[in-house]
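# Overview (structure and organization)
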Amino acid sequence: GISRRKDVDPHRMVLAGWSHGGWGIMELMSAPLKSPAEIGLADVDGLDLSGVKGAFLAYPYVGAVARRRFAAWVHRPRTFAVIARHDHLTTVRNARKVMDAVEDGGVEVERWLADGTHAFDEHSESPIMHFDPALAQESIDRFTDFLRRAV
């Protein structure tokens, strides 16, 4: 429905997701979208992703529960992946392997290995996730630059 909004150019969209949101984007990109049961979308008939020119994935969840993490993408927008060096939900090695698989499937993937924890760009009371204002600003700058280049 977002492409139907008057303030959105349906031919120049970028999807952006942090953690679970990045995982969701990856699921969408790898789904053939032939039936609603694939990924739980109620209305896949007429779903047009051709206007999606980019995907920004900030420390996407790519652990064992993300069963399609190594699946080839059917939709292949230019992608920017933020990998958090100290992510407690995955290893750098696993995140790189997942992004290698995406890239091997024909997707242009730009990567940034951020020297922070999962969710380094938001304040948290969690003892394992630490806000880093400098990294947060760098992430915003990289996201802004990616948006400009993608659309």
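Keep in mind the model is a prediction, meaning the values are calculated, not measured.

As summarised here, the arrangement of the four strands in space is E1-E2-E3-E4, forming an open sheet in which the pairing is parallel. Every other strand in the sheet has two partners, leaving strand E1 (13-18) and strand E4 (109-117) as the edge strands with one partner each. With direction set aside, neighbouring strand axes in the sheet form an average angle of 15°. As paired elements, E1 and strand E2 (residues 52-58) share six bridges and run parallel to each other. Note that in E2 the partner of Met13 across the bridge is Val52. Sheet strands touched by helix H2 (residues 92-104): E2, strand E3 (78-86) and E4. Its angle to E4, the strand with the most contacts, is close to 165°.

So, on to the pairing of E2. Counting buried positions along E2 gives six out of seven residues, so the element sits mostly inside the fold. With helix H1 (residues 20-30) bridging E1 and the parallel E2, this β-α-β connection has right-handed handedness. Bridging between E2 and E3 involves five bridges; their strand directions are parallel. Its bridge partner being in E3, Ala55 is matched across the sheet by Thr79.

Once that is clear, we can look at the pattern of salt bridges. This structure, assessed with the given rule, holds nine salt bridges. The salt bridge involving Asp7 is made with Arg5; its shortest N-O contact spans 2.7 Å. Look at Asp7 and you get exposed, because its relative accessible area is 58%. Note that Arg12 and Asp9 form a salt bridge whose closest N and O atoms lie 3.4 Å from each other.

Time to look at the environment of Gly24. In this fold, Gly24 is placed in helix H1. Gly24 sits in the partly exposed class, given a relative accessible area of 35%. In the structure, Gly24 is positioned 19 residues away from Asp43 in sequence and 16 Å away in space, judged by C-alpha atoms.

Among the nonpolar cores identified, the biggest contains 23 residues, and Met26, Trp73 and Met99 are the most heavily contacted of them. Of all the elements in the fold, those that place two or more residues in this core are H1, E2, E3 and H2. With five residues, the top contributor of residues to this core is H2. Trp73 has contacts with Met26, Met29, Ser30, Leu57, Thr79, Val102 and Val107, leaving out every residue within four places of it along the chain. Counting residues in each nonpolar core, the second largest holds 14 residues, with Phe56, Trp112, Ala114 and Ala119 among its members.

Before going further, it helps to examine the packing of aromatic side chains. Applying the stated criterion to the full structure yields nine aromatic pairs. Ring geometry for Trp18 and Phe143: centres 5.7 Å apart, planes at 85°, overall edge-to-face. Residue Trp18 is found in strand E1, and its partner Phe143 is found in helix H3 (residues 133-150); the two are separated by 125 residues along the sequence. With a relative accessible area of 34%, Trp18 lands in the partly exposed category. When the ring of Phe56 is compared with that of Phe80, the centres are 5.4 Å apart and the planes differ by 15°; the resulting orientation is stacked.

Criteria and thresholds
Residues numbered from 1 in each chain as written. Predicted model: local features only at pLDDT ≥ 70, side-chain atom pairs only at ≥ 80, totals over all residues. Heavy atoms only, no water. Pairing = 2+ DSSP bridges. Helix = DSSP H or I, 4+ residues; strand = E, 2+ residues; numbered from the N terminus. Axes fitted to C-alpha atoms, helices over the stretch in contact; angles between N-to-C directions. Contact = heavy atoms within 4.5 Å. Buried < 20%, exposed > 50% of the residue type's maximum accessible area, 1.4 Å probe, protein only. Right-handed = clockwise from strand over helix to strand, strands pointing away. Salt bridge = Lys/Arg side-chain N within 4 Å of Asp/Glu carboxyl O. Core = buried A, V, L, I, M, F, W, Y, C linked by side-chain atoms within 4.5 Å. Phe/Tyr/Trp six-rings, centres within 6.5 Å; stacked < 30°, edge-to-face > 60°.

Taken by themselves, the reported measurements are silent on function.
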